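Examining the three-dimensional arrangement
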Amino acid sequence: MEFFVSIIAIALMLIGAFGIIFMKKPLDKVIMFSLLDAGFVLVIVLFKYLDVAMFAALIGPLSTLVFILAIVKINEIRKKKLISGDADD
(Lines give C-alpha, C1' and ligand atoms only; values in the text may rest on other atoms or scores of the structure.)
Protein backbone atom coordinates (compact mmCIF):
# COMPACT_ATOMS: atom_id res chain seq x y z
CA MET A 1 0.00 0.00 0.00
CA GLU A 2 2.82 2.38 0.85
CA PHE A 3 4.35 1.71 -2.57
CA PHE A 4 1.22 2.91 -4.39
CA VAL A 5 1.01 6.03 -2.24
CA SER A 6 4.63 6.84 -3.01
CA ILE A 7 3.95 6.44 -6.74
CA ILE A 8 1.00 8.83 -6.44
CA ALA A 9 3.15 11.33 -4.53
CA ILE A 10 5.93 11.18 -7.11
CA ALA A 11 3.39 11.53 -9.93
CA LEU A 12 1.86 14.61 -8.28
CA MET A 13 5.26 16.22 -7.88
CA LEU A 14 6.30 15.47 -11.47
CA ILE A 15 3.00 16.69 -12.94
CA GLY A 16 3.25 19.85 -10.85
CA ALA A 17 6.88 20.49 -11.79
CA PHE A 18 6.37 19.98 -15.53
CA GLY A 19 3.15 21.99 -15.37
CA ILE A 20 4.98 24.91 -13.79
CA ILE A 21 7.64 24.75 -16.48
CA PHE A 22 5.39 24.34 -19.53
CA MET A 23 2.18 26.23 -18.67
CA LYS A 24 1.92 29.76 -20.04
CA LYS A 25 -0.80 31.34 -17.89
CA PRO A 26 0.24 32.43 -14.39
CA LEU A 27 -2.89 31.06 -12.69
CA ASP A 28 -2.28 27.67 -14.29
CA LYS A 29 1.19 27.77 -12.78
CA VAL A 30 -0.33 28.40 -9.35
CA ILE A 31 -2.57 25.36 -9.78
CA MET A 32 0.42 23.25 -10.77
CA PHE A 33 2.32 24.58 -7.76
CA SER A 34 -0.53 23.37 -5.57
CA LEU A 35 -0.22 19.90 -7.12
CA LEU A 36 3.51 19.91 -6.51
CA ASP A 37 2.93 21.03 -2.93
CA ALA A 38 0.39 18.24 -2.33
CA GLY A 39 2.85 15.63 -3.58
CA PHE A 40 5.62 17.13 -1.47
CA VAL A 41 3.53 17.00 1.71
CA LEU A 42 2.60 13.41 0.91
CA VAL A 43 6.27 12.47 0.56
CA ILE A 44 7.04 14.13 3.88
CA VAL A 45 4.26 12.09 5.50
CA LEU A 46 5.60 8.89 3.92
CA PHE A 47 8.98 9.56 5.52
CA LYS A 48 7.13 9.97 8.85
CA TYR A 49 8.20 13.55 9.51
CA LEU A 50 4.75 14.50 10.71
CA ASP A 51 5.76 17.74 12.42
CA VAL A 52 7.40 18.98 9.23
CA ALA A 53 4.38 17.81 7.23
CA MET A 54 2.05 19.81 9.47
CA PHE A 55 4.22 22.91 9.03
CA ALA A 56 4.33 22.41 5.24
CA ALA A 57 0.56 21.91 5.15
CA LEU A 58 0.08 25.19 6.99
CA ILE A 59 2.56 27.15 4.90
CA GLY A 60 1.40 25.77 1.51
CA PRO A 61 -1.85 27.76 1.27
CA LEU A 62 -0.08 30.91 2.47
CA SER A 63 2.56 30.64 -0.25
CA THR A 64 -0.18 30.03 -2.83
CA LEU A 65 -1.93 33.18 -1.62
CA VAL A 66 1.30 35.16 -1.95
CA PHE A 67 1.74 33.87 -5.51
CA ILE A 68 -1.80 34.91 -6.43
CA LEU A 69 -1.28 38.39 -4.95
CA ALA A 70 1.99 38.73 -6.88
CA ILE A 71 0.27 37.72 -10.13
CA VAL A 72 -2.46 40.31 -9.58
CA LYS A 73 0.12 43.01 -8.85
CA ILE A 74 2.22 42.13 -11.90
CA ASN A 75 -0.86 42.26 -14.13
CA GLU A 76 -1.74 45.71 -12.73
CA ILE A 77 1.78 46.99 -13.43
CA ARG A 78 1.68 45.62 -16.97
CA LYS A 79 -1.69 47.27 -17.66
CA LYS A 80 -0.42 50.62 -16.35
CA LYS A 81 2.68 50.36 -18.56
CA LEU A 82 0.52 49.48 -21.56
CA ILE A 83 -1.77 52.45 -20.95
CA SER A 84 1.10 54.90 -20.46
CA GLY A 85 2.84 53.65 -23.60
CA ASP A 86 5.97 52.48 -21.80
CA ALA A 87 5.83 48.85 -22.98
CA ASP A 88 9.56 48.26 -23.37
CA ASP A 89 9.67 45.38 -20.83
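Refer to the preceding data block for the structure.
Quick look at the structure, then.

Cut-offs used in this document
Position numbers for residues start from 1 in each chain and track the written sequence from start to end. Local features are withheld for residues below a pLDDT of 70 in this predicted model, meaning they are given only at 70 or higher, and side-chain atom pairs are given and counted only at 80 or more; totals for whole chains, interfaces and linings count all residues. Water and hydrogen atoms play no part in the side-chain values, which are based on all heavy atoms of the structure. Segments assigned H or I by DSSP are reported as helices when at least four residues long, segments assigned E as strands when at least two residues long, and all are numbered from the N terminus. Both definitions apply: the radius of gyration is a C-alpha atom measure, and the globule rule equals 2.2 Å times residues to the power 0.38. Accessible area is worked out with a 1.4 Å probe on protein chains only. A residue is then buried under 20% of its type maximum, exposed over 50%, and partly exposed in between. Working rule for contacts: check all heavy atoms of both residues, and any pair within 4.5 Å makes them a contact. Exposure was quantified through the Shrake-Rupley algorithm and a 1.4 Å probe, taking into account, for residues, occlusion by the shown protein chains and nothing else. Positive charges come from Lys and Arg alone, negative charges from Asp and Glu alone, with His and the N- and C-terminal ends not counted. The atom standing in for a charge is NZ when the residue is Lys, CZ when it is Arg, CG when it is Asp and CD when it is Glu. To estimate how far a helix should reach, multiply one less than its number of residues by 1.5 Å. Between N-to-C directions, angles span 0 to 180 degrees; the directions come from axes that are lines fitted to C-alpha atoms, helices contributing only their stretch in contact. When describing relative orientation, an angle under 35 degrees is termed roughly parallel and one over 145 degrees roughly antiparallel, while 65 to 115 degrees is termed roughly perpendicular and anything else oblique. Classification used: nonpolar for Ala, Val, Leu, Ile, Met, Phe, Trp, Tyr, Cys and Pro, charged for Asp, Glu, Lys and Arg, polar for all others including Gly.

1. Quick look at the overall build of the protein chain
A tally of helices and strands in the protein chain yields three helices and zero strands. Ordered by position in the sequence, the α and β elements of the protein chain form the string α-α-α. The C-alpha atoms of the protein chain give 17 Å as radius of gyration, which overshoots the globular expectation for 89 residues (12 Å, by more than 25%). If you line up the protein chain on its principal axes, its C-alpha atoms span 60 × 25 × 15 Å. Within the protein chain, buried positions represent 18% of all 89 residues. Long-range pairs, those at least 24 residues apart, make up 50% of the contacts in the protein chain with a sequence separation of at least 6. For the protein chain, the accessible area works out to roughly 7,000 Å², and carbon and sulfur atoms hold 77% of it. On the protein chain, the mean spot of the 9 positive side-chain charges and the mean spot of the 8 negative ones are 6 Å from each other.

2. Describing helix H2 (residues 26–46)
Over its 21 residues, H2 runs 30 Å from end to end, which matches the ideal 30 Å to within 8%, given 1.5 Å per residue. Those residues of H2 that sit buried are Val30, Met32, Phe33, Asp37, Gly39, Val41, Val43 and Ile44. The inward-facing, buried residues of H2 contact helix H1 (2–22) and helix H3 (50–84). Positive backbone phi, approximately 65 degrees, marks Lys48, located one or two places after H2.

3. What to know about the packing of H2 against H3
Look at H2 against H3: their axes get within 9 Å of each other, and the N-to-C directions meet at 175 degrees. In terms of orientation, H2 lies roughly antiparallel with respect to H3. For the pair H2 and H3, the contacting residues are Pro26, Leu27, Val30, Phe33, Ser34, Asp37, Val41, Ile44 and Val45 in the first and Leu50, Val52, Ala53, Ala56, Ala57, Gly60, Ser63, Thr64, Phe67, Ile68 and Ile71 in the second. Here the residues of the contact of H2 with H3 sort into 15 nonpolar, four polar and one charged.

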